[in-house]
Amino acid sequence: MRIRRDNDALHDEDILLLAKVSDALAHPVRIKIFQFVMKQNTSLKKVCNKDIVANFDYAQATISQHIKTLVKSGLIEVEKKDRYSYYYVNIGLHAKYANVVKKFIRQSL
């Protein structure tokens, strides 16, 4: 039997992060958009709204609403230059979320 240490415990801030990010990723389109932005960022390409709209078969307004949710969760950050908004994955938050999910799974076993 494994003895659990205190660092395996989910704290209130971990629970809030888990809920907020999971909620943002609860829609298949948002997961696809998040993956697209991450892949583009990995290739060091800038991503703006028109790039996302061009790669998905959804209206621009629909894409904007999904991006708004991802930005609100903190998973995606926005950098505004002139009249364009460029999107970047918040790798730090993404890694923290992954760690909290691991803790949650370990606690549930």
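For the structure itself, consult the block above.
What comes next is a walk through the structure. Since this is a predicted model, take the numbers as computed values, not measurements.

**As for the packing of helix H1 (residues 12–24) against helix H5 (residues 91–108)**
Alright, step 1. Where H1 meets H5, the axes come as close as 10 Å, and the angle between the chain directions of the two elements is 110 degrees. Considering the angle they form, H1 stands roughly perpendicular to H5. Every pair of crossing elements has a handedness; the one defined by H1 and H5 is left-handed. Along the contact surface, H1 presents Glu 13, Asp 14, Leu 17, Leu 18, Val 21 and Ser 22, while H5 presents Leu 93, Lys 96, Tyr 97, Val 100, Val 101, Lys 103 and Phe 104.
Alright, step 2. Along the lines of polarity and charge, the residues of the contact of H1 with H5 split into eight nonpolar, one polar and four charged.

**A closer look at the packing of aromatic side chains**
Alright, step 1. Under the counting rule described, the total for this entry stands at two aromatic pairs.
Alright, step 2. Consider the rings of Phe 36 and Phe 56, whose centres lie 5.8 Å apart with planes at 80 degrees: the pair is edge-to-face. A residue pair is termed long-range when its members are at least 10 positions apart, and Phe 36 in helix H2 (residues 28–42) and Phe 56 in the loop between helix H3 (49–55) and helix H4 (60–73) qualify at 20 residues. Note on accessibility: Phe 36 and Phe 56 belong to one class, buried.
Alright, step 3. Taking 6.5 Å as the distance between ring centres and 40 degrees as the angle between the ring planes, the aromatic pair formed by Tyr 84 and Tyr 86 counts as tilted.
Alright, step 4. Here Tyr 86 falls in the buried class, since its relative accessible area comes to 17%.
Alright, step 5. Over the aromatic face of Tyr 86 sits the side chain of Lys 46, whose NZ or CZ is 5.2 Å from the ring centroid.

**Points about the environment of Lys 50**
Alright, step 1. Its location among the elements puts Lys 50 in helix H3.
Alright, step 2. Through-space distance from the C-alpha of Lys 50 to that of Gln 60 is 8.1 Å; in sequence the pair is ten residues apart.

**Concerning H4**
Alright, step 1. Between its terminal C-alpha atoms H4 stretches 20 Å, which fits the 20 Å expected from 14 residues at 1.5 Å a residue.
Alright, step 2. Looking only at H4, the buried set comprises Ile 63, His 66, Ile 67, Leu 70 and Ser 73. Looking straight down H4, one finds that the buried residues subtend no more than 120 degrees of arc, so they occupy a single side. Of the exposed residues in H4, those oriented more than 90 degrees away from the buried face are Lys 68 and Lys 72.
Alright, step 3. On its buried face, H4 sits against H1, H2, H3, strand E1 (76–81), strand E2 (84–89) and H5.
Alright, step 4. One or two positions beyond H4, positive phi appears at Gly 74, with a value near 95 degrees.

**Notes on the packing of H1 against H4**
Alright, step 1. Across the interface, H1 lies against H4 with an axial gap of 9 Å and an inter-helix angle of 165 degrees. With respect to H4, the element H1 is oriented roughly antiparallel. Crossing of H1 against H4: the hand is left-handed. Where H1 approaches H4, its residues Lys 20, Val 21 and Ala 24 are matched on the opposing element by Thr 69, Leu 70, Lys 72 and Ser 73.
Alright, step 2. In the contact of H1 with H4, the residues fall into three nonpolar, two polar and two charged.

Definitions and limits used
- Residues numbered from 1 in each chain as written.
- Predicted model: local features only at pLDDT ≥ 70, side-chain atom pairs only at ≥ 80, totals over all residues.
- Heavy atoms only, no water.
- Axes fitted to C-alpha atoms, helices over the stretch in contact; angles between N-to-C directions.
- Helix = DSSP H or I, 4+ residues; strand = E, 2+ residues; numbered from the N terminus.
- Parallel < 35°, antiparallel > 145°, perpendicular 65-115°, else oblique.
- Left-handed = near helix turned anticlockwise from the far one by under 90°.
- Contact = heavy atoms within 4.5 Å.
- Nonpolar A, V, L, I, M, F, W, Y, C, P; charged D, E, K, R; others polar.
- Phe/Tyr/Trp six-rings, centres within 6.5 Å; stacked < 30°, edge-to-face > 60°.
- Buried < 20%, exposed > 50% of the residue type's maximum accessible area, 1.4 Å probe, protein only.
- Lys NZ or Arg CZ within 6 Å of the ring centre and 35° of its normal.
- Expected span 1.5 Å × (residues − 1).
- Arc of directions from axis to C-beta.

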